[in-house]
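If you want the building blocks of each chain, they are given just below.
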Amino acid sequence: MLAKRIIPCLDVCDGRVVKGVNFVGLRDAGDPSELAARYNDEGADELVFLDITASVEGRKIFLNVLRRTAEQLFIPLSVGGGMKTIEDVREALANGADKVSLNTMIVKNPELLHDTSEEFGSQCIVASIDAKRVGESWRVFTYGGRTPTEIDAIKWAKRCESLGAGEILLTSMDADGTKRGFDLKLTRAVCDAVRIPVIASGGAGTKQDFADVFEKTGADAALAASVFHYDKTSVKKIKKFLKNRGVEVR
């Protein structure tokens, strides 16, 4: 079994890291390059950088902010936001990204997922899924959680795998920013549906939440923002807690 990963997330808006609840009510959390350096030193396994308004504003990712952030890291950096073409992906990889996270544009054009996987290798391509419960199932949302679709999140995860995604970043919009724990039901459903690694995102508030997502679902990694940005806990403390419970971490 692969060791579990702990991944801080930088949601970037206008060059600053922000965080909200259920994708709204954003507040400032700091400079992305400064936070990147901090998490690198704390022992994070990877870092996720999401330009959360790039798609809705119809622009490319801020490459200067990406470069400044990447310069602080000796761990893998996954980057998402505003990438519409193979060239956009190439540009992100050339400016410090180790992986790219694709969301809105692969919903609109699924062939982009296939084409980028073929061009750069599936290990570079992360399918990001923002999912929200609607009735008895979960639906995919796009444009930073602003636009609902009729796409079933579980079926979409399976399709992303078949199109060449090497990993899935699964964010529960219902749990996002609440600090009440990961959405274990959603995470378990996606993990059971695919064979590629799944990163659980949304809802982390305590060390126990990380233990729960690893012990009760097949998640390969857990991503969080608020608990790290606002010093509720640290990567080191979470890893120590998990090791003491017998969860293998890096």
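One can find the structure itself at the top, above this paragraph.
Residues numbered from 1 in each chain as written. Predicted model: local features only at pLDDT ≥ 70, side-chain atom pairs only at ≥ 80, totals over all residues. Heavy atoms only, no water.

1. Observations regarding the state of the cysteines
For the coordinates displayed, the defined rule picks out zero disulfides. Looking at C124, it has no disulfide partner, and the nearest cysteine sulfur is the one in C160, 17 Å off. Classification of C124 by relative accessible area gives buried; the value is 12%. Here C191 stays unpaired: no disulfide links it, and the sulfur of C160, its closest cysteine neighbor, is 14 Å away. C191 gets classed as buried once you look at its relative accessible area, which sits at 12%. (Disulfide = S-S within 2.5 Å. Buried < 20%, exposed > 50% of the residue type's maximum accessible area, 1.4 Å probe, protein only.)

2. Observations concerning the pairing of strand β12 (residues 221-224)
The alternating pattern of β12 places A221 and L223 on one face and A222 and A224 on the opposite face, and all of these are buried. Examined bridge by bridge, strand β1 (residues 5-13) and β12 share four bridges and lie parallel to one another. Counted as the bridge partner of I7 is L223 from β12. Pairing analysis gives three bridges linking strand β11 (residues 198-201) to β12, with the strands arranged parallel. The residue of β12 that forms the bridge with A200 is A222. (Helix = DSSP H or I, 4+ residues; strand = E, 2+ residues; numbered from the N terminus. Pairing = 2+ DSSP bridges.)

3. Quick notes on empty space enclosed by the protein
Inspection of the entire model under this criterion finds one cavity of 30 Å³ or more. Of the voids in this model, the largest cavity is the one considered here, and its volume is about 40 Å³. Forming the boundary of the largest cavity are K60, I61, G81, G82, M83, D88 and E91. Residue composition of the lining of the largest cavity, by class: two nonpolar, two polar and three charged. (1 Å grid on protein atoms, 1.4 Å probe; cavity = no way out; pocket = protein on both sides within 12 Å on 5 of 7 lines; lining within 4 Å. Points joined across faces, edges and corners; volume = space filled by probe spheres on them. Nonpolar A, V, L, I, M, F, W, Y, C, P; charged D, E, K, R; others polar.)

4. Some thoughts on helix α5 (residues 111-120)
Within α5 the residues assigned to the buried category are L112, L113, T116, S117 and F120. When α5 is viewed along its axis, its buried side chains cluster within an angular range of 130° and face the same direction. Buried-residue contacts for α5 involve α3 (86-94), β6 (99-102), α4 (104-108), β7 (125-134) and α6 (153-163). At the exit of α5 stands G121, carrying a positive phi of roughly 95°. (Arc of directions from axis to C-beta. Contact = heavy atoms within 4.5 Å.)

5. Focus: helix α7 (residues 184-193)
Three or more residues of α7 are buried, namely L186, T187, V190 and C191. Along the axis of α7, the buried positions cluster into a sector of 125°, meaning they face one direction only. Within α7, the exposed residues directed more than 90 degrees away from the buried face are K185 and D192. On its buried face, α7 sits against β7, β8 (137-142), α6, β10 (167-172), β11 and α8 (207-216). Among the residues of α7, the N-terminal cap falls to D183, whose side-chain oxygen and the backbone nitrogen of K185 are separated by 3.4 Å. (Polar contact = N/O pair within 3.5 Å; in protein donor to acceptor, adjacent residues only side chain to side chain.)

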